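One-letter residues, chain by chain:
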Amino acid sequence: AFSTWANDVVSVSFVRSLEDVGVPGRQSPPLFTHQVFGPQEEIVGYVKPSVHIVYAANTLRPSLTFQHGGLVDGELLRESGVTPTDVERLIQERVPCDYAGSVHDVVAEAEQPGFV
């Protein structure tokens, strides 16, 4: 398979500290992903893609991570008449311009004193 339903591989979480990162009860899938991945809500061309959006709970500054287990064979995609989804470009077009470079940056911001 060269297509993955984006709703199954995107997770959103809000963190207040490093202990919150990766905790199953603190992450959830989005209800919809068509705003980023189009009406079919699919990611094409990657093996086991995952998109993690982590927000600092106090400021809502996000961090975005896109990972995958490799690329699907380009010849298979061409024969099927599809092109790989440019996941990073699609996400970067829609995130705030001040998004954090890493989850650790978001955690550091979330742990700042003075925010509740």
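Presented here is a report on the structure given in the accompanying data block. Just so you know, these numbers come straight off a predicted model, no measurement behind them. (Residues numbered from 1 in each chain as written. Predicted model: local features only at pLDDT ≥ 70, side-chain atom pairs only at ≥ 80, totals over all residues. Heavy atoms only, no water.)

### A short note on the layout of surface pockets
A volume near 300 Å³ is recorded for the largest pocket. Those elements that place two or more of their residues in the lining of the largest pocket are β2 (10-15), α1 (34-37), β5 (50-56) and β6 (62-67). Its residues placed into classes, the lining of the largest pocket shows 14 nonpolar, two polar and one charged. (1 Å grid on protein atoms, 1.4 Å probe; cavity = no way out; pocket = protein on both sides within 12 Å on 5 of 7 lines; lining within 4 Å. Points joined across faces, edges and corners; volume = space filled by probe spheres on them. Helix = DSSP H or I, 4+ residues; strand = E, 2+ residues; numbered from the N terminus. Nonpolar A, V, L, I, M, F, W, Y, C, P; charged D, E, K, R; others polar.)

### Some points on the pattern of salt bridges
Under the counting rule described, the total for this entry stands at four salt bridges. When the shortest N-O distance is used, the salt bridge between Arg61 and Glu109 registers 3.0 Å. Pair noted here: Arg61 is in the loop between β5 and β6 and Glu109 is in helix α4 (residues 103-110), with a separation of 48 residues, a long-range link. Between Arg89 and Asp86 there is a salt bridge; the shortest N-O distance is 3.5 Å. (Salt bridge = Lys/Arg side-chain N within 4 Å of Asp/Glu carboxyl O.)

### What to know about the sheet that holds β6
Here we have four strands laid out as an open sheet, ordered β3-β2-β5-β6, and mixed in their pairing. Bordering the open sheet on either side are β3 (27-28) and β6, each of which pairs with just one other strand. Of the strand pairs in this sheet, β2 and β5 are connected by six bridges, and their pairing is parallel. Opposite Val12, over in β5, you have Ile53 as the bridge partner. Those strands touched by α4 are β2, β5 and β6, and its axis lies near 20° from that of β5. (Pairing = 2+ DSSP bridges. Contact = heavy atoms within 4.5 Å. Axes fitted to C-alpha atoms, helices over the stretch in contact; angles between N-to-C directions.)

### What about unusual backbone geometry?
The backbone of Glu41 sits at a positive phi, close to 50°, despite the residue not being glycine. Structurally, the position occupied by Glu41 is in the loop between α1 and β4 (42-44). Positive phi values are uncommon outside glycine, yet Leu60 reaches one of about 65°. Following the sequence through the fold, Leu60 ends up in the loop between β5 and β6.

### Here's the deal with the pairing of β5
Looking along a regular strand, one sees side chains alternate from face to face of the sheet. In terms of burial, β5 is a largely internal element, five of the seven residues being buried. Across six bridges, β5 lies against β6 in antiparallel orientation. Within β6, the position partnered with Val54 by the bridge is Ser63. Here β5 hands over to β6 after five residues, with Leu60 in that stretch at a positive phi of 65°. (Buried < 20%, exposed > 50% of the residue type's maximum accessible area, 1.4 Å probe, protein only.)

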